[in-house]
Amino acid sequence: MRASRRTPGQPLAEGRWLWRRLYVFLVSAGLWLLLLRSLGRMPPDRLVHAADGLMGLLALTLVLYLMAPTAQQLAAMIAELKLRLAGGRP
């Protein structure tokens, strides 16, 4: 199997979401571990508030994973913004 070369029209490797998936997996696992350990040590009257906050962090992480732009898209948006600010394109 030989290595394929990237052509100009081919998307970059970041578009395959490997790093984004790895980041979200590690952060989610860490937050679940934090949730598990912290709930075991908290007084019962604070459990609901703490669990809600940690589950909110997990939800935010998942939303960012699913909806946030990739680095390619961010670079394209910044380049477009620079052109518009410089008066290049309307």
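Now for a description of the structure that goes with this document. (Residues numbered from 1 in each chain as written. Predicted model: local features only at pLDDT ≥ 70, side-chain atom pairs only at ≥ 80, totals over all residues. Heavy atoms only, no water.)

**Structural notes on a nonpolar patch on the surface**
Right, on to step 1. A cluster of nonpolar residues, Leu-18, Trp-19, Leu-22, Phe-25 and Leu-26, forms a patch on the protein surface that exposes about 600 Å² of accessible area.
Right, on to step 2. Along the polypeptide, Leu-22 turns up in helix α1 (residues 18-41).
Right, on to step 3. With a relative accessible area of 38%, Leu-22 lands in the partly exposed category. (Patch = residues over 30% accessible without salt bridge, like charges linked within 9 Å, V, L, I, M, F, W, Y side chains within 5 Å. Areas by Shrake-Rupley, 256 points an atom, 1.4 Å probe, with all protein chains shown as cover. Salt bridge = Lys/Arg side-chain N within 4 Å of Asp/Glu carboxyl O. Helix = DSSP H or I, 4+ residues; strand = E, 2+ residues; numbered from the N terminus. Buried < 20%, exposed > 50% of the residue type's maximum accessible area, 1.4 Å probe, protein only.)

**Concerning the environment of Asp-52**
Right, on to step 1. In this structure, Asp-52 sits in helix α2 (residues 47-67).
Right, on to step 2. The spacing of Asp-52 and Leu-35 is 17 residues in sequence and 9.9 Å in space, taken between C-alpha atoms.

**As for the packing of α1 against α2**
Right, on to step 1. Following both chains from N to C, one finds α1 and α2 inclined at 175°, their axes separated by 10 Å at the closest point. On the basis of the axis angle, α1 is roughly antiparallel to α2. For the pair α1 and α2, contact is made by Arg-20, Arg-21, Val-24, Val-27, Ser-28, Leu-31, Trp-32, Leu-34, Leu-35, Ser-38 and Leu-39 and by Leu-47, Ala-50, Ala-51, Leu-54, Leu-57, Leu-58, Thr-61, Leu-62, Leu-64 and Tyr-65, respectively.
Right, on to step 2. Of the residues contributing to the contact of α1 with α2, the split by class is 16 nonpolar, three polar and two charged. (Axes fitted to C-alpha atoms, helices over the stretch in contact; angles between N-to-C directions. Parallel < 35°, antiparallel > 145°, perpendicular 65-115°, else oblique. Contact = heavy atoms within 4.5 Å. Nonpolar A, V, L, I, M, F, W, Y, C, P; charged D, E, K, R; others polar.)

**Side note on the pattern of salt bridges**
Right, on to step 1. Taken as a whole and judged by the stated rule, the model has one salt bridge.
Right, on to step 2. Ionic pairing is found between Arg-84 and Glu-80, a salt bridge with its closest N-O pair at 3.1 Å. Here Glu-80 and Arg-84 lie together in helix α3 (residues 71-86), a separation of four residues that amounts to about one turn.
Right, on to step 3. Glu-80 gets classed as partly exposed once you look at its relative accessible area, which sits at 23%.

**Focus on the nonpolar core**
Right, on to step 1. Core analysis: the largest hydrophobic core is formed by five residues, namely Leu-31, Leu-35, Ala-51, Leu-54 and Leu-58.
Right, on to step 2. Every element with two or more residues in this core is listed here: α1 and α2.
Right, on to step 3. Top element by residues in this core is α2. It accounts for three residues.
Right, on to step 4. Beyond its immediate stretch of four places on either side in the chain, Leu-35 contacts Ala-51 and Leu-54. (Core = buried A, V, L, I, M, F, W, Y, C linked by side-chain atoms within 4.5 Å.)

**Brief notes about α1**
Side chains three or four residues apart in an α-helix point the same way, a direct result of the helix having 3.6 residues per turn.
Right, on to step 1. With 24 residues, α1 should cover 34 Å at 1.5 Å per step; its first-to-last C-alpha distance of 35 Å lies within 8% of that length.
Right, on to step 2. Those residues of α1 that fall on the buried side of the exposure criterion are Arg-20, Val-24, Ser-28, Leu-31, Leu-35 and Ser-38.
Right, on to step 3. On its buried side, α1 packs onto α2. (Expected span 1.5 Å × (residues − 1).)

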